[in-house]
Every structure is written in C-alpha cells, then in structure tokens.
Amino acid sequence: MSIARLVSPSWAVAAGLCIVLLAAAPRALASDASGSPLRAYLSAKRAAIQALQAQDAAPTALHGKVVAESRSGVRRLRLGPTGEYQSISDSGRDYAGYDLGAGSWDSLVGTLASAVADEYIVQAAAQNVPIDALDVVFTSVPERKSETLAYPNNLSYVAYIDSPADAAQLESLRQAVHAQSAAIDLVTRPQQVGHAEVRYTRSPAQREAGLPPGLRDFITEEKRPAVLGKRAQAADRTAPPRALVARAHVEPHTGLRRVFLGEDGDHQQLHDSAPDLLGYGLAPTVEEHLLGVTATCLTHIFEVQAATRNVLLDTLELTVDGELGPRFGANVSTPARFRNLRYTATIASPASAQDIDALRQAVEATCPLYNLVKDAQTLDGSIVRGAFVHTPR
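From a predicted model like this one, the values you see are computed outputs, not experimental measurements.

J.: Tell me about the overall build of the protein, and name the residues and values.
T.: Along the backbone of the protein there are 9 helices and 14 strands. For the protein, long-range pairs separated by at least 24 residues make up 73% of all intrachain contacts whose partners lie at least 6 apart in sequence. As displayed, the protein offers around 16,800 Å² of accessible surface, 53% of which is attributable to carbon and sulfur atoms.

Set out below in structure tokens:
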C-alpha cells in the first residue's frame, strides 16, 4: 500500500519513524572509509551476527490474525505478539473490493522480494562481501493447476547489486542465499500443513432488526455477484495470466526494506529485521508477514466459497501460527526453517456444522497460497551488477 493510502495508525507511525531514522542514521551509523552507508550497516550487522554465534538460540514463535471486516469484507491482518503491526488486504472493484490494499498474490510476491533482499544483506554481512546498493525485483507468472485451483508460479528474481566484489564472490553469495533462506525453502519445498481447525458458533437465522449491514450482507449482495462474474471470465482460457512483480529496496542506513507492489507501485510494504539483527521495531519481520499473507488468502477464499455455496457468515477470523528456527547461535547447525504451521478459523454462521465443514474443505481445495505452500515450486535467481535504475512508466 502507498504511504498516502495507509489505513493503520501503526503503519503511519512506522512510516514517520522510518523517516526520522533515515534522517538521523548518517550520524548514528557513520559511513565506513569507502563512504558507503550500506557497507557501514553490513559491518554492524556482521558484529551482531558474531554476537549471536556466541550464545545459544531458540526458535521464534510466529503469529498472525486476519479479520474479515463486516460490510466491506476487507481482510485486516495483525502481526506481532500484540498485533501492533497492521495492514489491509483487499480485492479490486471487479471482485467486490475497494482496492484499499494489495491482494494476497501481490503481497506474496512482495514479501518474497523482501525476504530475498534481507537474506542477501545477512549473507553479505556473514561473508564480509561489500555492497553499496541492493534492490531485488521479484516476478511470478500465475499458473492454473486444475479447473478450480490457480496460484502464483514460475517464481524468479533479479538482484541488482552495486558492489566491488568479484564475480566469484557474488556467485558464492547467491548460493548462500538460496541455501539459507527460510522463505525460499517455504515455497520451493512441500510443507506439512494440516487442515484448518474450525471453531464454529451457530448464529440466528435472522439478524436483529436495526442492526447495521454486516458480513452476510457483503457476501450475498456484493461478493456472490462478483464471484459468479469471475467464474464466467475463468471459462475463457485465451486471456494470458497477469504477471506479478514487486521491488524491494534496501535502505542503506537502516537495512529496512521498502517494497513496491505492481508495475506502478501503488501499494507498499515495509519490513524490519529482528531486534537482535539490528531491527528498530518499526515494521514486522518478513517471515511473520509471509505467514500472515497465507492467512489473508485463506480468509478471502472463505468469503469466495461462502458466496459460491450461498453460506451466510456473520463473523470470520483466521489465525496462523508457526515457528521459525534460529539463523545463528552456538547450538545452530542447520538453516532456519518454518515449521509447525497451523491455521484456525473462527466462524459464526446460521449454517449447519456440516455446511461449515464442507465450506472448509472447499476452501482448502481451492485456496491459492495454502496449496502453494503445500506444493513444491521452482524459483530462479540471478544477479545484475550495478545499482537499480527506476524507469517511470
């Protein structure tokens, strides 16, 4: 989402603090002898990694919560232990949305771009590879897997690296990124993901008179007509799939990643590092956001399938939980990996328990990102030497 269109106070404060930090960072973290702020940041990151290597480490618990917001159906994602980081996932107007935030597919590509950029920074610090500028452009061409399932596929990125390192050093860096990245592992190796646990409450068939329109009205009056219209469009296989693209830019003084989604960058994301890797607490880590994006997708498909099957919903909440192994530590001998991924859906509906279970099954069979994580994808990456140059459309 663009800074001008941020809807969450938490993200607005984060953006303001980011500007303050960027202004103060040249004084707080002086450039090294080369005059490069990013090289100075990498030096500090290397010291932080060395400190972590001297102590035992434990997995990090990850948690995200998504709420389908009443009459609008917008998916609000809360991340962090207290839900301090918030973002909005929405559809376009052709799918009963308001385009208030990026959709799940675009957000996935954005989080992967940021995750790859973060791993390049971490591995460059660990290997002492000098970098002066880094941008990662990530692309995906969606692919239909069956009549009822399609999702982002054909994953690839280009890392634009301004660096005096030689070709062998950069290739060694690229290989380390692919070997160590938890995000790359998440999408390229089949993950063990169980069925979503459903916590179901039977709500009255008729809502109380005088209550404002709610989620059931959104599903019946807006989402259902849009879904039926999309189904008719899906029958036309001649239209080429829309390519997905995102660019992650590494801020040189702070290591924060600002992510521009889509060709025009209308929506933006901000990601920070973990506290023990020089994070400022301004934004979520990319790993927790990556899991959160899968939950926004599941929430949306619950709406879609409810509209398709004419199942009324009064409340819909999804939580995702998991663990991330530590990157560094005296007791760490393997790369960080996601594990113990689990989803919980909390639903209030006048439909029967049998209808809700059938709804869950339909959601899991057709949810793009739920199935993307369960399947194995291919991911290609390359390096272009030199700073990224943005060409306005």
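J.: Tell me about the packing of aromatic side chains, and name the residues and values.
T.: On inspection of all chains with the given rule, the structure shows 4 aromatic pairs. Seen from their ring centres, Tyr120 and Tyr157 are 6.1 Å apart, and the 75° between their planes marks the pair as edge-to-face. Remark: Tyr157 occurs in strand E7 (residues 155-162) and Tyr120 occurs in helix H3 (residues 104-127); sequence separation between them is 37 residues. Each of the two residues, Tyr120 as well as Tyr157, counts as buried. On the basis of an interplanar angle of 20° and a centroid distance of 6.4 Å, the ring pair of Phe138 and Tyr157 is categorised as stacked. Here the residue Phe138 occupies a position in strand E4 (residues 133-140), and Tyr157 occupies one in strand E7, the gap between them amounting to 19 residues. Over the ring of Tyr95 we find Lys223; its NZ or CZ atom is 4.1 Å from the centre of that ring.

J.: So what's going on with the sheet that holds strand E3 (residues 85-89)? Residues and values would help.
T.: Taken together, 6 strands build an open sheet; the order of strands is E3-E2-E1-E12-E13-E8 and the sheet is mixed. On the outer flanks of this sheet lie E3 and strand E8 (197-202), each paired with one strand and no other. Put simply, the sheet's adjacent strands are angled 15° from each other on average, direction ignored. In the sheet, strand E1 (residues 60-69) pairs with strand E2 (residues 74-79) via 6 bridges, with the strands oriented antiparallel.

J.: Run through unusual backbone geometry, naming residues and quoting values.
T.: Even without a glycine there, the phi angle at Ser70 is positive, about 35°. Locating Ser70 in the fold gives a position in the loop between E1 and E2. On the basis of relative accessibility, which here comes to 39%, the residue Ser70 falls in the partly exposed class. The backbone of Asn128 shows a phi angle near 60°, a positive value even though the residue is not glycine. Mapped onto the fold, Asn128 is located in the loop between H3 and E4.

J.: Pulling in residues and values, what's your account of the confidence of the model for the protein?
T.: This prediction gives the protein a mean pLDDT of 91; 89% of its residues lie at or above 70. Note on residues 1-28: pLDDT under 50 across the span, and 46 contacts to partners over four residues away in sequence or across chains.

J.: Outline the sheet that holds E7, supporting the account with residue identities and numerical values.
T.: Taken in spatial order, the 6 strands of this open sheet run E11-E10-E9-E4-E7-E14, and their pairing is mixed. Among the strands making up the open sheet, the edge pair consists of strand E11 (267-271) and strand E14 (379-385). Neighbour to neighbour, the strand axes of the sheet diverge by 20° on average, direction disregarded. Bridge analysis of E4 against strand E9 (residues 244-250) gives 6 bridges, and the strand direction is antiparallel. Bridge pairing in E9 places Val137 opposite Arg247. Of the strands in this sheet, E7 and E14 touch helix H4 (residues 167-180), which is tilted by about 150° from E14.

J.: Requested: an account of H4, with residues and values cited.
T.: The terminal C-alpha atoms of H4, which comprises 14 residues, lie 20 Å apart, in line with the 20 Å expected from a rise of 1.5 Å per residue. All of the buried residues in H4 are Leu170, Leu173, Arg174, Ala176 and Val177. All buried residues of H4 project into a common sector of 160° when viewed along the axis, lining one side. Relative to its buried face, H4 has exposed residues pointing more than 90 degrees away, namely Ala167 and Ala168. Buried positions along H4 lie against H3, E7, helix H5 (182-188) and E14. With a side-chain oxygen positioned 3.2 Å from the backbone nitrogen of Ala168, the residue opening H4 is Asp166.

J.: Can you tell me about the pattern of salt bridges, naming the residues and giving the values?
T.: A complete count under the given rule lists 24 salt bridges for this structure. A salt bridge links Arg189 to Asp185; the shortest N-O distance between them is 2.9 Å. Taking relative accessible area as the criterion, Arg189 reaches 37% and is therefore assigned partly exposed. With a closest N to O distance of 3.0 Å, Glu364 and Arg360 form a salt bridge. Of the two residues, Glu364 and Arg360 both sit in helix H8 (residues 353-366), 4 residues apart, roughly one turn of that helix. For Glu364, a relative accessible area of 7% gives the class buried.

J.: Summarise the packing of helix H7 (residues 286-309) against H8; cite the residues concerned and give the values.
T.: H8 packs onto H7 with a crossing angle of 120° between their chain directions and a minimal axis gap of 9 Å. Taken together, H7 and H8 sit at an angle that is classed as oblique. The two elements H7 and H8 cross, and the hand of that crossing is right-handed. The segment H7 lies against H8, with Leu298, Ile301, Phe302, Gln305, Ala306 and Arg309 engaging Ala358, Leu359, Arg360, Ala362, Val363 and Thr366. Split by residue class, the contact of H7 with H8 holds 8 nonpolar, 2 polar and 2 charged.

Parameters and conventions
Residues numbered from 1 in each chain as written. Predicted model: local features only at pLDDT ≥ 70, side-chain atom pairs only at ≥ 80, totals over all residues. Heavy atoms only, no water. Helix = DSSP H or I, 4+ residues; strand = E, 2+ residues; numbered from the N terminus. Contact = heavy atoms within 4.5 Å. Areas by Shrake-Rupley, 256 points an atom, 1.4 Å probe, with all protein chains shown as cover. Phe/Tyr/Trp six-rings, centres within 6.5 Å; stacked < 30°, edge-to-face > 60°. Buried < 20%, exposed > 50% of the residue type's maximum accessible area, 1.4 Å probe, protein only. Lys NZ or Arg CZ within 6 Å of the ring centre and 35° of its normal. Pairing = 2+ DSSP bridges. Axes fitted to C-alpha atoms, helices over the stretch in contact; angles between N-to-C directions. pLDDT = per-residue confidence, 0-100. Expected span 1.5 Å × (residues − 1). Arc of directions from axis to C-beta. Polar contact = N/O pair within 3.5 Å; in protein donor to acceptor, adjacent residues only side chain to side chain. Salt bridge = Lys/Arg side-chain N within 4 Å of Asp/Glu carboxyl O. Parallel < 35°, antiparallel > 145°, perpendicular 65-115°, else oblique. Left-handed = near helix turned anticlockwise from the far one by under 90°. Nonpolar A, V, L, I, M, F, W, Y, C, P; charged D, E, K, R; others polar.

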